[in-house]
Amino acid sequence: MGNFKMRNGQAQRAENRRILRTAVLLLLILSLLLHAADRVLVLKGAENRYYSAASTYGGFYHMRKNTVDVLFLGTSNAYCAFSPDALYRRYGIRSYNLASSQQSMLTSYYWLEEALRTQKPKAVVLDVFYAFYNTGNEGSFHKAFDFMRWSPVKVRALRDLHAYNPDYAPVSFLFPAVRYHERWKELKKEDFMLRQMEKDTTLKGYCPRWNTAGEGKFEPLSDTGRGNLTSEDQEEKMAGNRKKDGSPYLSRFIQEYMDAIFRVCKENNIDLILVKTPVGVWSREKSSLIQQYADRQGIPFYDFNREELYDAAGFVFAEDNTDILHANIRGARKLTDYIGAVLSARGIEGTPDFQWERELDQNRKIYNILSAGL
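Remember, predicted model here, so these are calculated numbers, not experimental data.

The next point concerns the overall build of the protein chain. Broken down by element type, the protein chain carries 18 helices and five strands. Per-residue burial over the protein chain gives 52% buried out of 374 residues. Sequence separation of at least 24 residues holds for 82% of the intrachain contacts in the protein chain that already meet a minimum separation of 6. Working note: accessible area of the protein chain is about 18,100 Å², and carbon and sulfur atoms make up 52% of it.

When we look at burial in helix α4 (residues 84–91), the residues that qualify are Pro84, Asp85, Ala86, Leu87 and Tyr88. Close packing links the buried residues of α4 with β1 (70–73), β2 (95–97), α16 (329–345), α17 (354–357) and α18 (360–371). Trailing α4 by a residue or two, Gly92 shows a phi angle of about 75 degrees, which is positive.

On to helix α13 (residues 284–297). Given a rise of 1.5 Å per residue, 14 residues ought to cover 20 Å, and the 20 Å separating the end C-alpha atoms of α13 matches this to within 8%. Buried within α13 are the following residues: Lys286, Ser287, Ile290, Tyr293 and Ala294. Taken down its axis, α13 places every buried residue within 125 degrees of arc, on the same side. Exposed and oriented more than 90 degrees from the buried face of α13 are Asp295 and Arg296. Check the buried side of α13 and you find it contacts α12 (252–267), β4 (271–276) and β5 (301–303). With its phi angle positive at about 70 degrees, Gly298 sits one or two positions after the end of α13.

Moving on to the nonpolar core. Core analysis: the largest hydrophobic core is formed by 63 residues, its most contacted members being Trp111, Phe145 and Leu274. Of the residues forming this core, the biggest block, nine residues, is contributed by α12. Excluding anything up to four places from it in sequence, Trp111 contacts Tyr57, Phe60, Tyr61, Leu73, Leu98, Ala144, Phe145 and Met148. Of all hydrophobic cores here, the second largest spans 30 residues; its members include Ile273, Tyr302, Phe315 and Ala327.

A few words now on the side chain of Glu114. Mapped onto the secondary structure, Glu114 falls in helix α5 (residues 105–115). One polar contact links Glu114 to Tyr61, side chain to side chain, over a distance of 2.6 Å. Within polar-contact distance, the side chain of Glu114 engages the side chain of Arg117 at 3.0 Å. If near-sequence neighbours (up to four positions away) are discounted, Glu114 is found in contact with Tyr61, Met148, Arg149, Ser151 and Val153.

All right, on to the packing of aromatic side chains then. Taken as a whole and assessed by the stated rule, the structure comprises 24 aromatic pairs. Relative to Tyr61, the ring of Phe60 has its centre 6.3 Å away and its plane inclined at 70 degrees; by these criteria the two rings are edge-to-face. Taking the relative accessible area as the measure of exposure, Phe60 reaches 1% and is therefore buried. Take Tyr61: its relative accessible area is 15%, and that puts it in the buried class. Cluster of aromatic residues (ring-pair linked, three or more members): Tyr57, Phe60, Tyr61, Tyr96 and Trp111. Looking at Lys154, its charged tip hangs above the ring of Trp150, at a distance of 4.4 Å from the centre. One cation-aromatic arrangement involves Lys276 over Trp282; the distance from NZ or CZ to the ring centre is 6.0 Å.

This next bit is on a nonpolar patch on the surface. Together, Trp150, Val155 and Leu174 line one region of the surface with nonpolar side chains, adding up to about 290 Å² of accessible area. Considering the arrangement of structural elements, one finds Val155 in helix α7 (residues 152–164).

Bringing the pairing of β4 into the picture now. Consecutive residues of a regular strand have side chains that alternate between opposite faces of the sheet. In terms of residue burial, β4 counts as a mostly covered element, since five of its six residues are buried. Relative to β4, strand β3 (residues 123–127) runs parallel, the two sharing five bridges. Looking at the pairing, Asp127 lines up with Val275 of β4. Examined bridge by bridge, β4 and β5 share three bridges and lie parallel to one another. When the sheet's bridge partners are listed, Lys276 is paired in β5 with Asp303. Where the polypeptide runs from β4 across α13 and back to β5, its parallel neighbour, the crossover connection is right-handed.

Conventions adopted
- Residues numbered from 1 in each chain as written.
- Predicted model: local features only at pLDDT ≥ 70, side-chain atom pairs only at ≥ 80, totals over all residues.
- Heavy atoms only, no water.
- Helix = DSSP H or I, 4+ residues; strand = E, 2+ residues; numbered from the N terminus.
- Buried < 20%, exposed > 50% of the residue type's maximum accessible area, 1.4 Å probe, protein only.
- Contact = heavy atoms within 4.5 Å.
- Areas by Shrake-Rupley, 256 points an atom, 1.4 Å probe, with all protein chains shown as cover.
- Expected span 1.5 Å × (residues − 1).
- Arc of directions from axis to C-beta.
- Core = buried A, V, L, I, M, F, W, Y, C linked by side-chain atoms within 4.5 Å.
- Polar contact = N/O pair within 3.5 Å; in protein donor to acceptor, adjacent residues only side chain to side chain.
- Phe/Tyr/Trp six-rings, centres within 6.5 Å; stacked < 30°, edge-to-face > 60°.
- Lys NZ or Arg CZ within 6 Å of the ring centre and 35° of its normal.
- Patch = residues over 30% accessible without salt bridge, like charges linked within 9 Å, V, L, I, M, F, W, Y side chains within 5 Å.
- Salt bridge = Lys/Arg side-chain N within 4 Å of Asp/Glu carboxyl O.
- Pairing = 2+ DSSP bridges.
- Right-handed = clockwise from strand over helix to strand, strands pointing away.

In structure tokens:
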């Protein structure tokens, strides 16, 4: 009887182990399927055949440790305006563009924190267009954070984002397939090429555009009262944070993250430079508010919407912008060249590096093709 009970107990334990192994195997298969679905359904942020958020952020993780001397942060204004290739070609300065569509100051701050896990930049160039918008839309956060690797930085970023807007649930960033489960209806070839996109470091976050804005009402800001706002409907659409009297202001939320960016740069001996690229929906009031902030922190601010700097850069809005918000490749060459001179004057030296050298010929071919239409 005792032997029977022993054999029966052994059989039961063996059965339990079999069930456990089966459960673990099924869980593993489910995890692999969910991971595969995540990679297919996640927004790749492809803007044209040369740019995607997947390549921007995936490619950044393929840069050798401590080789990026300058980081660009900001919205699409910045990723269309500053070309790491052009900066290296002219000044030999190694840079990477981590800007993204509608990049909030929260996003800029956490991508700076993430970058510092693998790089020791000497300077950060931050475009301030979104200093007057607390956050972008949900898609903009997915494009920026879905490709950030899991770390305490990403956990804090998603925690802060959720605290600001409870609709942005961390689970949708943990499992993008949960949020984008209906995207299977609109899948494109690029959605099945994430592995290749993540390894692409060709343009290092720069997004080339090749159309021209054409003639419009743009005028650079001057001390004589002229301004560069375009039509009234665009002014209203892009107004951002405003007081009751209609004047712009820097919200406490924005200043919190701008202060955090400043603090991190100071603690790591990083030169922080604020910029504003030429756009048709900027104003003297916004420029003045940023200038006041920069003066308080003792950091430089280069507003290319102001007449003196606009002229010094040789910028021609109708020819050098692709629309009211973004520079084309010709405008990017001018803005990058000017910032390159600023960086060089501030002691950022050029350093030969094969990660930039190996892409020069390919990028030249891309620029030649695109420039032919300008």
